[in-house]
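Spelled out, the chains give:
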Amino acid sequence: MAIAILESAAADHSEEAPKKKSPFKKYALIALAVLVCVAVTVTLDLVIFRVKTPKFRLVSVAVNDLSFTNTTTSASFDISLDAVYAVKNPNYGPFEYRGAYVNLLYRGKRVGKARVVEGKAKALSTTEVGFRVSVSSWDLSAGTDLGRDIGSGMVWLSVGSQLRGEVELIKIAMAEGQKSGYDAEAATTNTEELRRQKRKKYLVYFAAFVIFQTLIIVLFSLTVMKVKTPKFRVRSTYLFNTLDVPQTNTSFNAQFGVKNTNFGPYKYDSTTVSFLYNGIQVGSAFIPKSKANFLSTKKINVPVDLNLSGDTSNSEYLALTSTARLSGKVELMLIMKKKKAVNMYCTMDFNTRTRELLNIACK
C-alpha cells in the first residue's frame, strides 16, 4: 500500500535587528575610487604621456672613395662616405622631425655636410636612412696638422648635428623636442615661444588627465560598482525516484540556477521553492544557504516531492507554477555589501508519465 506524503521544508529564521549603517564603507569606497584614478593617472604620466628624448645617431660609415696628398708643401684629402643615420623614438606617439644637416668636422672645422630630409619615426620604433657625403680638406687654412695626421695614417673626424621635431601623443598634444647627436656645436636657449608652447602642452596634458579620470570613474561606476539583481530560475529536471503509485505521488531531482552578473559574490540565504497547481501547493523544494561567485551561475540540484492526488492523477500534463524569494547580499571590493532579493516566478508543464518539466518560462 502506497502512502502519499508531502513534506514542506521550511526553515525558521530569527529576525535580525536592523543594523545602523556605518559611513565608513562609503568613505572607503570613495577613497578606493580616488586611489585607482590617481594610480592610473600616475601610470599614464610616467609611461604613456611622458615625452622622452628621441636618439639621433650615426650607426654605420663605409668609405666609398679615398684620395689624399701629403708633400712638404701641401697636404689634403678627399673622401666619399656612405653612411646610415638612425632616429630612435621611445615614445608612444610618432616623432615628426624637420630637415637638418649633419656636419663632419676635422679639428673643429667643417670639412663636409650632409642633408637630413624631414621625416617621421613611428612610435616605439627606429627609422634608418642612408646617405652619401663628400669630405674634403680643400677649405682648410694653412698651418693645420693635416700633413702630420695623414703621415701617421689616422685622420680624426667628428660629427655634429641637431634634429628638431615634435612628438604627438594620442592626437591630443604636440610636444616640442630637440635632439642633439654627437656634440652639437651650440645649445639652443629657451625662448619665450618655447616657454609658451610648454605651458600650452602642460594645460593640454592636465585637461587630458581630467577627461580620462572622469571616464574611468564613470566606467567604473557603470560596470564594476553597479549592483545588478541576480536571477533565480528553474533550469531542468530529471527522474529521481517514484513511489508505488506514480499517478498519485512522484519525486524527482530539479535543477535551479542562481545567475550572478555582478563583479562580486552573491551570498544568499536558504529558501523554499513552492510548486503550485491552480493556485494550490502540490510540492516544494528546499534551497540551502550558499554563494554564487562573481560573473557565474550557481547550479543547485535538489529533490522535489509532488502530491498529485485528486483530479490531477488522470492528467498527462499539468501546468505548474514555481514561486520563491531569494534574499542575499552582493559583496564588492571586499568593502561594499548591497542587499539584493530576487523573486522567482516560473511556469512549466509537468509530464506525469515521464516526470519531466517542459516549456519552462521564467519572468
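For every chain, the first residue of the written sequence is number 1, and numbering continues from 1 onward in sequence order. Local features are withheld for residues below a pLDDT of 70 in this predicted model, meaning they are given only at 70 or higher, and side-chain atom pairs are given and counted only at 80 or more; totals for whole chains, interfaces and linings count all residues. Just so you know, side-chain values use all the structure's heavy atoms and leave hydrogens and water out.

The chain is annotated in an unreviewed UniProt entry as Late embryogenesis abundant protein LEA-2 subgroup domain-containing protein from Rhododendron griersonianum.

This brings us to the state of the cysteines. Our working definition of a disulfide is a cysteine sulfur pair at a distance within 2.5 Å. For the coordinates displayed, the defined rule picks out 1 disulfide. Here C346 pairs with C362 through a disulfide, and the sulfurs are 1.9 Å apart. Its torsion about the S-S bond being 110°, the disulfide of C346 and C362 is classed as right-handed. Of this pair, C346 sits in strand β18 (residues 336–351) while C362 is found in strand β19 (residues 356–362), placing the two residues 16 residues apart along the sequence. Relative accessible area serves as the criterion here: at 0%, C346 is assigned to the buried category. Its relative accessible area of 26% is what places C362 among the partly exposed residues. Helix and strand definitions here come from DSSP, where helices need a minimum of 4 consecutive H or I residues and strands a minimum of 2 consecutive E residues; each element is numbered from the N-terminal end. Burial here depends on accessible area, computed with a 1.4 Å probe over protein chains only, as a share of the maximum for the residue type. Under 20% is buried, over 50% is exposed, and the range in between is partly exposed.

A word on the nonpolar core. Throughout, nonpolar core names a set of buried Ala, Val, Leu, Ile, Met, Phe, Trp, Tyr and Cys residues whose side chains join them through atoms within 4.5 Å. With 35 residues, the main nonpolar core has F232, F256, V273 and L306 as its most contacted residues. Breaking this core down by element, the ones donating at least two residues are β10 (231–242), β11 (249–260), β12 (266–268), β13 (271–277), β14 (280–287), β16 (296–307), β17 (317–332) and β18. The element best represented in this core is β17, accounting for 6 residues. We call two residues in contact whenever any of their non-hydrogen atoms come within 4.5 Å of each other. What V273 contacts, discounting residues up to four positions off in sequence, is F232, F256, G283, S284, A285, I287, S322, T323, A324 and M344.

A few words on the pairing of strand β2 (residues 75–89). Two strands are counted as paired when DSSP detects at least two bridges linking them. With 14 bridges connecting them, strand β1 (residues 55–70) and β2 associate as antiparallel partners. By the bridge assignment, R57 is partnered in β2 with A86. Count of turn residues in the β1/β2 antiparallel hairpin: 4 residues. In the sheet, β2 pairs with strand β7 (residues 125–136) via 12 bridges, with the strands oriented antiparallel. Note on β7: the bridge partner recorded for I79 is V135.

Relative to the helices and strands, S322 is located in strand β17. In this structure, the C-alpha to C-alpha distance between S322 and L276, residues 46 residues apart in sequence, is 6.2 Å. Beyond its immediate chain neighbours, meaning those up to four positions away, S322 contacts V234, V273, S274, F275, M344, Y345, C346 and M348.

This part covers the pattern of salt bridges. For side chains of opposite charge, pairing can occur when their charged atoms come near one another. The term salt bridge refers to a pairing of a side-chain nitrogen on Lys or Arg with a carboxyl oxygen on Asp or Glu at a separation within 4 Å. On inspection of all chains with the given rule, the structure shows 3 salt bridges. Put simply, D149 and R107 hold a salt bridge, and the shortest N to O gap is 3.0 Å. Remark: R107 occurs in the loop between β4 (100–106) and β5 (109–116) and D149 occurs in helix α2 (residues 146–152); sequence separation between them is 42 residues. The closest approach of N and O atoms between K267 and E331, which form a salt bridge, is 3.6 Å.

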